[in-house]
Amino acid sequence: MARLTSPQEAPLVQLKDVDGNIITFGHGSRTLLTFYRDPACPFCNLHLYQLTDKFKKLDNLGLQIVVAFSADPSEIKRFVLARPRPFPVAADPNREVYEVYRIEKSFMRKLLAVITRPIVWIKGMSKVGFVRSVKTLGGVGTANNMPADFLIDESGKIVEAYYGKDAGDHISFERVDYFASKGFANKHSRSART
């Protein structure tokens, strides 16, 4: 299955947040659509905390953030209630949206992340807890999902599709900042001309 690339149209999908509200994205606003492995994943949690810390700046630049986990909605709801997020978090338990966006799975690339990113894994475990972290290591279901990030422009086109090389690999925040800043600058230059 071939990966999605730029400048493809972002597939129109229906994601629901933990309250059952439909999340729309990619038409009219710049969007970061980010796919995570599992709510107990140390790498995912650390990245999610970093994304939460950067939210205000990215939101001020007009960037919409949408987060997806391929976990049960009740598990995601518990996760969000325990750690509220300022952006929508969706559950995709049957991996329907994961399949459309061609999110990869790999047990070996999950292990590669633990071996090559031990400090990140340990920092992430401090967010999740040691027992939950170890359980995801041996898992064969959602825990084998690889992360992926998609920068989608106002017209719904993929500007960048980033498929993680291992379980701890996401698009750099510098790329996300640049994408959001570029959209902010374009929006304000159009406003100045009208």
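This text follows the structure it describes.
Below is a summary of the structure that appears in this document. Quantities reported herein were computed from a predicted structural model and do not represent experimental measurements.

## Topic: the pattern of salt bridges
Part 1: Applying the stated criterion across every chain yields a total of 11 salt bridges.
Part 2: A salt bridge links Arg 95 to Glu 99; the shortest N-O distance between them is 2.5 Å.
Part 3: A salt bridge links Arg 175 to Glu 160, with the nearest nitrogen and oxygen atoms 2.7 Å apart. A residue pair is termed long-range when its members are at least 10 positions apart, and Arg 175 in helix α7 (residues 173-193) and Glu 160 in strand β7 (residues 158-163) qualify at 15 residues.
Part 4: Three or more residues joined by partner-sharing salt bridges are found here, namely Arg 117, Lys 165, Asp 166 and Asp 169.

## Observations regarding the packing of aromatic side chains
Part 1: Considering all chains together, one arrives at eight aromatic pairs under this definition.
Part 2: Ring geometry for Phe 35 against Tyr 98: centres 4.8 Å apart, planes inclined by 80°, an arrangement best described as edge-to-face. Note that Phe 35 is positioned in strand β3 (residues 30-36) and Tyr 98 in helix α3 (residues 96-100), a separation of 63 residues in sequence. Just as Phe 35 is buried, Tyr 98 falls in that class too.
Part 3: A ring pair is formed by Phe 55 and Phe 87, whose centres lie 5.9 Å apart and whose planes are at 55°; its orientation type is tilted. In this pair, Phe 55 is assigned in helix α1 (residues 42-60) and Phe 87 in the loop between α2 (73-82) and β5 (89-91), connecting sequence segments 32 residues apart.

## Structural notes on the environment of Lys 16
Part 1: Looking at the secondary structure, you find Lys 16 in strand β1 (residues 15-16).
Part 2: Accessibility expressed as a relative area gives 42% for Lys 16, which makes it partly exposed.
Part 3: Separated by 72 residues in sequence, Lys 16 and Pro 88 have C-alpha atoms that sit 8.5 Å apart.
Part 4: When sequence neighbours within four positions are dropped, the list of residues in contact with Lys 16 reads Asn 21, Ile 22, Ile 23, Val 89, Ala 90 and Ala 91.

## Quick look at the pairing of strand β4 (residues 63-69)
Part 1: Counting buried residues along β4, six of its seven residues qualify, which places the element largely inside the surrounding structure.
Part 2: As paired strands, β3 and β4 are joined by seven bridges and run parallel to one another. Directly across from Tyr 36, in β4, lies its bridge partner Phe 69.
Part 3: Between the parallel elements β3 and β4, the chain passes through α1 in a crossover that is right-handed.
Part 4: As paired elements, β4 and β5 share three bridges and run parallel to each other. Looking at β5, one finds that Phe 69 is bridged to Ala 91.

## Some points on the sheet that holds β3
Part 1: The strand order across the open sheet formed by five strands is β5-β4-β3-β6-β7, and the pairing between neighbours is mixed. The two strands at the open ends of the sheet, each matched to only one other strand, are β5 and β7. Between one strand axis and the next, the sheet turns by 15° as a mean value, whatever way the strands run.
Part 2: Bridge count between strand β6 (residues 148-152) and β7: five bridges; the pairing is antiparallel. When the sheet's bridge partners are listed, Ile 152 is paired in β7 with Ile 158.
Part 3: Its contacts with the sheet put α1 on β3 and β4, and the angle it makes with β4 is roughly 160°.
Part 4: Docked against the sheet, α2 engages β4 and β5, running at close to 160° with respect to β5.

Thresholds applied
- Residues numbered from 1 in each chain as written.
- Predicted model: local features only at pLDDT ≥ 70, side-chain atom pairs only at ≥ 80, totals over all residues.
- Heavy atoms only, no water.
- Salt bridge = Lys/Arg side-chain N within 4 Å of Asp/Glu carboxyl O.
- Helix = DSSP H or I, 4+ residues; strand = E, 2+ residues; numbered from the N terminus.
- Phe/Tyr/Trp six-rings, centres within 6.5 Å; stacked < 30°, edge-to-face > 60°.
- Buried < 20%, exposed > 50% of the residue type's maximum accessible area, 1.4 Å probe, protein only.
- Contact = heavy atoms within 4.5 Å.
- Pairing = 2+ DSSP bridges.
- Right-handed = clockwise from strand over helix to strand, strands pointing away.
- Axes fitted to C-alpha atoms, helices over the stretch in contact; angles between N-to-C directions.

Shape descriptors only; they carry no functional weight alone.
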